[in-house]
Amino acid sequence: MPNPIKNAAAIERDRSALFSAMLQALSAVPADAGAYGFLNALCQSILDNNSTLKWAWYAFQAPGKPLRPYHELGIQHHPDILENPQDPCYQVLSSNTAMTYSLDNPDCPKWLLPLRKQLSEIILVPFGIEGQKALGVVGSSESGYFEQVGTEFFSAFAYMGDMIMSLQQHARHDPLTGLYNRMELDDRLEQALHTADQHQRLLAVAMLDLDNFKEINEKLGRLAGDQILVEFSQRIQKSLRSHDIIFRMGGDEFVLLIEGLERWADLEVVMERIRMTLDRAFTVKQSELRIQASIGVTVYPLDDGKARDIIHHADLALHQAKRHKTAQFYTPVSYTHLRAHETRH
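Small disclaimer: the values here were computed from a predicted structure and weren't measured.

Participant: Would you explain the pairing of strand β7 (residues 245-250) in this entry?
Facilitator: Consecutive side chains along a regular strand alternate between the two faces of the sheet. Buried residues dominate β7, accounting for five of its six residues. Where β7 lies against strand β8 (residues 253-261), five bridges are found, and the strand directions are antiparallel. Along β8, the bridge assignment pairs Phe247 with Val255. What sits between the antiparallel neighbours β7 and β8 is a turn of two residues, in which Gly251 has the positive phi angle 60°.

Participant: Is there a simple way to explain the sheet that holds strand β11 (residues 293-300) in this structure?
Facilitator: Read across the open sheet, the five strands follow the order β7-β8-β6-β11-β12; overall the sheet is mixed. Whereas interior strands pair on both sides, the edge strands pair on one side only; in this sheet they are β7 and β12 (328-330). For this sheet, the mean inter-axis angle between neighbouring strands, taken without regard to orientation, is 25°. Taken strand by strand, helix α9 (residues 264-278) contacts β6 (202-210), β8, β11 and β12, and its axis lies near 165° from that of β11.

Participant: Sorry, what's going on with unusual backbone geometry here?
Facilitator: Generally, phi is negative for residues other than glycine and the peptide bonds are trans, each holding for most cases. At the junction of Tyr300 and Pro301, the peptide bond is cis and its omega measures out at 10° in the coordinates. On the secondary structure map, Pro301 appears in the loop between β11 and α10 (307-324). Phi at His78 takes a positive value of approximately 55°, unusual for a residue other than glycine. Residue position: His78 is located in the loop between β2 (73-74) and α3 (88-95). The class of His78 is partly exposed, set by a relative accessible area of 33%. Of note in this structure, Asn212 is not a glycine but carries a positive phi near 60°. Locating Asn212 in the fold gives a position in the loop between β6 and α7 (213-220).

What counts and what doesn't
- Residues numbered from 1 in each chain as written.
- Predicted model: local features only at pLDDT ≥ 70, side-chain atom pairs only at ≥ 80, totals over all residues.
- Heavy atoms only, no water.
- Buried < 20%, exposed > 50% of the residue type's maximum accessible area, 1.4 Å probe, protein only.
- Helix = DSSP H or I, 4+ residues; strand = E, 2+ residues; numbered from the N terminus.
- Pairing = 2+ DSSP bridges.
- Axes fitted to C-alpha atoms, helices over the stretch in contact; angles between N-to-C directions.
- Contact = heavy atoms within 4.5 Å.

Quick look at the structure:
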């Protein structure tokens, strides 16, 4: 790769372009778009404002899951970066310090090797808030670019990401249960659909609520009802896998994103764990109370609708479940047909 020695004017132009990229991202994103909207716009703006930069993405660290680009622009590489203390991504996340990494490094990890013909170096910038570590990655076709321009410009972008994530944390969490709310669901579902397409996995979206909760709330009082909702949400969380997510939509209505399913049987296991945990009685005002829940499920890509359609379909399945007193699936392919297909293969 070329390694031009830039003069002061050229370096200042690159710095100005980066500053413009940040301003464009801030001005282009609506106030309610949140951290994802800002970060997506920032990745796009960085590449639009500098022809030397060829790759931009970010990822959020989750226990037990590889790092995967949430919004990859420029080069389309789609790496799965497995946890490894020697990998530059995990070194940056562990040290919480930005670093540049040359693709000529003899210890270059395998996931970066295919990019050597297109990139000379990358910069890795950690950011995030308590409980949610994140990583931004930008790739340059010129060796030494980040040192010449100054890594502090990219760190400044991370600080902006921190600030917006912190502001959005309160707006995107339910104050009673601490779960993500409807606003966060929109972003997470879009990302989950993208990941399902990338990795050819099933994504289940389940909507559930407590049967006759209004009557329970009226009989026992609001505080007791809140206690039930908190315990209900905690039980569901414990029955899910580490990378599945539960959202509170409001009242006694919840949504689950169950990702990375290789086959229908994987979903069956999760659903059975939910059923078992809800079989236990709730203790309210020193007495035991048994409460049933209804669950409606739709599965992507069998349900190939848009994000909003998928939520609507899960809601339709939930209404069917309440009528039939059993979990219902909204899918163009019947459960029996799919299970028979898996058995044959």
